[in-house]
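Overview (structure and organization)
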Amino acid sequence: MAATRERTRQEPRRTRLVGGPGLLLVWLYGVMVVGAVSRSAYQIATEFGRAPLAYTLSALAGLVYGFITYTLVRGGETARRAALVCCAAELVGVLTIGTWTLVEPSAFPDATVWSEYGMGYLFIPVLLPLTALYWLRAARPRTAGA
Amino acid sequence: MGPEGVGVRAVGVSGRNKVAAMLDVLTLVTGVAALLLAAWCGWAAYRDQPTKDWHFIGMAVVTLLTLVQLVVGIVQLARGEKPEQGTTIFVAYLLGSFACVPAAGFLSLGERTRWGSLTVAASGVVLAVLEVRLFDIWRG
């Protein structure tokens, strides 16, 4: 009895974020983590001097993706809010870098993950935060009376 | 990348050419199989069904193809062939395409709804893209 009570006290506290559409989101974020992190790690290690700005931005994108993936898998209200903030930041990042690469291509001798709004990645970088924001807002706890 | 390298590599000794052609065919077959898997699981998701035994057999077939591709790719490297865009990137993409579909398959085991099917379908599309990139990396 005591054990079950303890369980029920802990478990419902965490909103599950990887159920249903969240699973697809986690998988796509996982793909982006692998893509952005391995790409920037390779480029920074081998040819950093060629396009330092582009490679640093790719690494930053990888970090953001990694953090969002972690929060989604962890679940819970705090994680949900942190993920919301990061997804918003991610969207701003994609839009800024995307526009930047179009307006001033000379600043980017090589592409970043977010170049041209993520065209090299099937526009997943720009679609993903939009979908994630929608999903995270829908996952608001019901008790909050939204 | 250089234009002088392309012609030389395209016309090689017959034995080397055969294995090289095998890799091209494998890349094409795997890409098409990945798209078929994506369509199939997408259909299941559309009909509100989770992934079933037959889908997992499909995933196994696609994974087997990527495994063969991994082995053939490594054999090619061992024979001294050089991918146009570098060995590290080539191996990374080979490993990535091998892990892609099984990872989604395991996730869909824990999510017995249409969303599991859609995740596997997405992995098929991603694998097809990886195959196109693999071809570019190999051929330049």
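Here is what the cut-offs are and how they apply
Residue positions are counted from 1 within each chain, in the order its sequence is given. To label them, take the chains in the order written and letter them from A, then take the ligands in the order written and number them from 1. Two thresholds apply to this predicted model, a pLDDT of at least 70 for residue-level local features and 80 or more for giving and counting side-chain atom pairs, whereas whole-chain, interface and lining totals are computed over all residues. The helix count covers DSSP runs of H or I at least four residues long, the strand count covers runs of E at least two residues long, and both are numbered beginning at the N terminus. To sort residues by burial, count the other C-beta atoms lying within 10 Å of each one's C-beta; a count of 20 or more means buried, 12 or fewer means exposed, and anything in between means partly exposed. C-beta atoms are built from the backbone. Each residue gets a C-beta atom placed from its backbone, and two residues are in contact if those atoms lie within 7 Å. Each residue gets one of three labels, nonpolar for Ala, Val, Leu, Ile, Met, Phe, Trp, Tyr, Cys and Pro, charged for Asp, Glu, Lys and Arg, and polar for the others, Gly among them. The axes are straight lines fitted to the C-alpha atoms, using for helices just the contacting stretch, and the angles between their N-to-C directions are given from 0 to 180°. What makes a crossing left-handed is the near helix being turned counterclockwise from the far one by less than a right angle; a clockwise turn instead makes it right-handed. Here a helix's expected span is defined as the number of its residues, less one, multiplied by 1.5 Å. Definition of nonpolar core: a set of buried Ala, Val, Leu, Ile, Met, Phe, Trp, Tyr and Cys residues joined via C-beta atoms within 7 Å. Every angle not falling under 35 degrees, over 145, or within 65 to 115 is termed oblique; those three ranges are roughly parallel, roughly antiparallel and roughly perpendicular. What pLDDT conveys is the predictor's confidence in a given residue, as a value from 0 to 100.

Each helix and strand counted, chain A has 5 helices and 0 strands in total. For chain A, the α and β elements follow one another from N to C terminus as α-α-α-α-α. Taking all 146 residues of chain A together, 36% fall into the buried category. Look at the contacts in chain A between residues 6 or more apart in sequence, and 67% of them connect residues 24 or more apart.

Attention now goes to the overall build of chain B. The helix and strand tally for chain B stands at 5 helices and 0 strands. Each helix (α) and strand (β) of chain B, taken in turn from the N terminus, gives the series α-α-α-α-α. By the burial criterion, 39% of the 140 residues in chain B qualify as buried. Pairs at least 24 apart in sequence give 80% of the contacts found in chain B among residues at least 6 apart.

This part is about the interface of chain B and chain A. Between chain B and chain A, the residue contacts involve 16 residues of the former and 12 residues of the latter. At the level of secondary structure, the elements contributing two or more residues to the side of chain B that touches chain A comprise helix H4 (87-110) and helix H5 (114-139) of chain B. Per element, the largest residue contribution to the side of chain B that touches chain A is 8 residues, and it comes from H5(B). Broken down by class, the residue content of the side of chain B that touches chain A amounts to 9 nonpolar, 6 polar and 1 charged.

The relative placement of two packed helices is expressed as an angle between their axes plus a distance between the axes. All names here are of chain A. It is the contact of helix H2 (residues 21-47) with helix H5 (residues 124-138), at a shortest axis distance of 11 Å, that shows an interaxial angle of 145 degrees. The interaxial crossing formed by H2 with H5 has left-handed handedness. On H5, the residues touching Pro 21, Gly 22, Leu 25, Leu 28, Tyr 29 and Met 32 of H2 are Ile 124, Pro 125, Leu 128, Thr 131, Ala 132 and Trp 135. Looking at the contact of H2 with H5 residue by residue, the classes come out as 10 nonpolar, 2 polar and no charged.

Another point: helix H4 (residues 77-103) of chain A. Residues and elements named next belong to chain A. Over its 27 residues, H4 runs 39 Å from end to end, which matches the ideal 39 Å to within 8%, given 1.5 Å per residue. Turning to H4, its buried residues number three or more, namely Arg 80, Ala 83, Cys 86, Cys 87, Glu 90, Val 94, Ile 97, Gly 98 and Thr 101. On its buried face, H4 sits against helix H3 (52-74) and H5.

Turning our eyes to something else, we now look at the nonpolar core. Proteins that are soluble and globular tend to have nonpolar side chains buried together. Ranked by internal contacts, the top residues of the largest apolar core, which has 66 residues, are A:Trp27, A:Leu28, A:Tyr29 and A:Met32. Contributing elements (two or more residues each) for this core: H2, H3, H4 and H5 of chain A together with helix H2 (14-46), helix H3 (53-78), H4 and H5 of chain B. Sorting elements by how many residues they give to this core places H5(B) first, with 12 residues. Apart from residues lying up to four places away in sequence, A:Leu28 is in contact with A:Ile124, A:Leu128 and B:Ala122.

Turning our attention to H5(B). Here H5(B) spans 38 Å end to end across 26 residues, near enough to the 38 Å set by a 1.5 Å rise per residue. Positive phi shows up at B:Gly140, right after H5(B), with a value of about 85 degrees.

To continue, consider the environment of B:Lys52. Inspection of the secondary structure puts B:Lys52 in the loop between H2 and H3. Taking the C-alpha atoms as reference, B:Lys52 lies 8.9 Å from B:Ser117; in sequence the two are 65 residues apart.

Time to look at the packing of H3(A) against H4(A). All names here are of chain A. In contact at an axis separation of 9 Å, H3 and H4 are set at 155 degrees when each is read in the N-to-C sense. Considering their axes alone, H3 and H4 lie roughly antiparallel with respect to each other. Remark: the crossing between H3 and H4 carries left-handed chirality. Contact residues: Leu 57, Ala 61, Val 64, Phe 67, Ile 68, Thr 71, Leu 72 and Arg 74 in H3; Ala 79, Ala 82, Ala 83, Cys 86, Cys 87, Ala 89, Glu 90, Gly 93 and Ile 97 in H4. Across the contact of H3 with H4, the residue classes tally to 13 nonpolar, 2 polar and 2 charged.

As a further point, take the confidence of the model for chain B. Residues and elements named next belong to chain B. With 89% of its residues at a pLDDT of 70 or more, chain B shows a mean pLDDT of 89. The spread of mean pLDDT over the elements of chain B runs between helix H1 (residues 3-10), the lowest at 48, and H3, the highest at 96. Counting contacts from residues 1-8, a segment whose pLDDT is below 50, to residues more than four positions away or on other chains yields 4 contacts. Scoring of the predicted complex yields 0.86 for pTM and 0.84 for ipTM.

Looking now at unusual backbone geometry. Backbone geometry at A:Glu116 places phi at a positive 45 degrees, although glycine is not the residue there. Inspection of the secondary structure assignment puts A:Glu116 in the loop between H4 and H5.

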